[in-house]
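Descriptive analysis of the structure
Read off the chains here:
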Amino acid sequence: MEHTALYPGSFDPWTNGHLDILSRAVKMFDKIIVTVAVNNKKTAVFTGEERIELIRNSIKQYDWSDQVEVIQFTGLLIDLARKKSVNVLLRGVRQISDFEYEFRMALANRRLAPEIDTVFLMPDEQLTFISATIVKEIAVWGGDLSSFVPDNVANALHQKYEKK
Ligand code: PNS
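So, how was this worked out
- Residues numbered from 1 in each chain as written.
- Predicted model: local features only at pLDDT ≥ 70, side-chain atom pairs only at ≥ 80, totals over all residues.
- Heavy atoms only, no water.
- Near = heavy atom within 4 Å.
- Polar contact = N/O pair within 3.5 Å; in protein donor to acceptor, adjacent residues only side chain to side chain.
- Areas by Shrake-Rupley, 256 points an atom, 1.4 Å probe, with all protein chains shown as cover.
- 1 Å grid on protein atoms, 1.4 Å probe; cavity = no way out; pocket = protein on both sides within 12 Å on 5 of 7 lines; lining within 4 Å.
- Sits in = over half its atoms within 2 Å of the grid points.
- Helix = DSSP H or I, 4+ residues; strand = E, 2+ residues; numbered from the N terminus.
- Nonpolar A, V, L, I, M, F, W, Y, C, P; charged D, E, K, R; others polar.
- Core = buried A, V, L, I, M, F, W, Y, C linked by side-chain atoms within 4.5 Å.
- Buried < 20%, exposed > 50% of the residue type's maximum accessible area, 1.4 Å probe, protein only.
- Contact = heavy atoms within 4.5 Å.

**Focus on the site of the ligand**
- Around the ligand, the surrounding shell consists of Gly9, Ser10, Ala37, Lys42, Gly75, Leu76, Leu77, Arg91, Tyr101, Met105 and Asn109.
- Contacts to the ligand include Leu77, whose backbone N or O atom sits 2.8 Å from an oxygen atom.
- Side-chain polar atom of Arg91 to an oxygen atom of the ligand: 2.9 Å apart, as the coordinates give it.
- Contact with the protein chains hides 71% of the accessible area of the ligand, taken as 550 Å² for the molecule alone.
- Structurally, the ligand is housed in the largest pocket.
- Among the elements that line the shell around the ligand, the one with the most residues is helix H4 (residues 96-112), at 3 residues.
- Split by residue class, the shell around the ligand holds 5 nonpolar, 4 polar and 2 charged.

If you want it as structure tokens, here you go:
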């Protein structure tokens, strides 16, 4: 039986923290479906398609990249998980402040779909302070993003903010 996990997030943008979580998860699961949640109410820097492309390009150098599928999705995560017959959701937790939100979301998902569990992984401690919000703040002011996001994401962010 193939063990698959859904790794959902906004990934706007995809960071080194996300990449670190994914690189740990591929050792535990046969397949990971990175799910870019596109929320029409949230204003995003990158479109769903752009985020997918950035994620795919950032992982293609790794020997585990063929274990990863990257898709976009709008709707309830548990509906997608059921459609794909996946019963594990994967989330990264960086610090205690993440936990409350994650705990509520995991329990809400479990109420909606008791057969689906959420698994939490911690990134490397050097990456725990990285968030999409902080990355965007640095990008706005043209700061050095090299230790925050993969190179292709840094280039894309600089291009986005130069244009604005
Ligand atoms: O990276 P984020 O923004 O913290 O990810 C949040 C995300 C996309 C995982 C969450 O908002 C989500 O699952 N959205 C889809 C709608 C849904 O299923 N919500 C969970 C029920 S509370």
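**Quick look at the nonpolar core**
- Core analysis: the largest hydrophobic core is formed by 38 residues, its most contacted members being Tyr7, Trp14, Leu22, Ile32, Val34 and Leu157.
- With 5 residues, helix H6 (residues 151-163) is the single largest residue contributor to this core.
- Not counting residues up to four positions away in its chain, the partners in contact with Tyr7 are Trp14, His18, Ile21, Leu22, Ile32, Ile33, Val34, Thr35, Leu90 and Gly92.
- Counting 12 residues, the second-largest nonpolar core is a separate cluster that includes Ile33, Phe73, Ala81 and Ala113.

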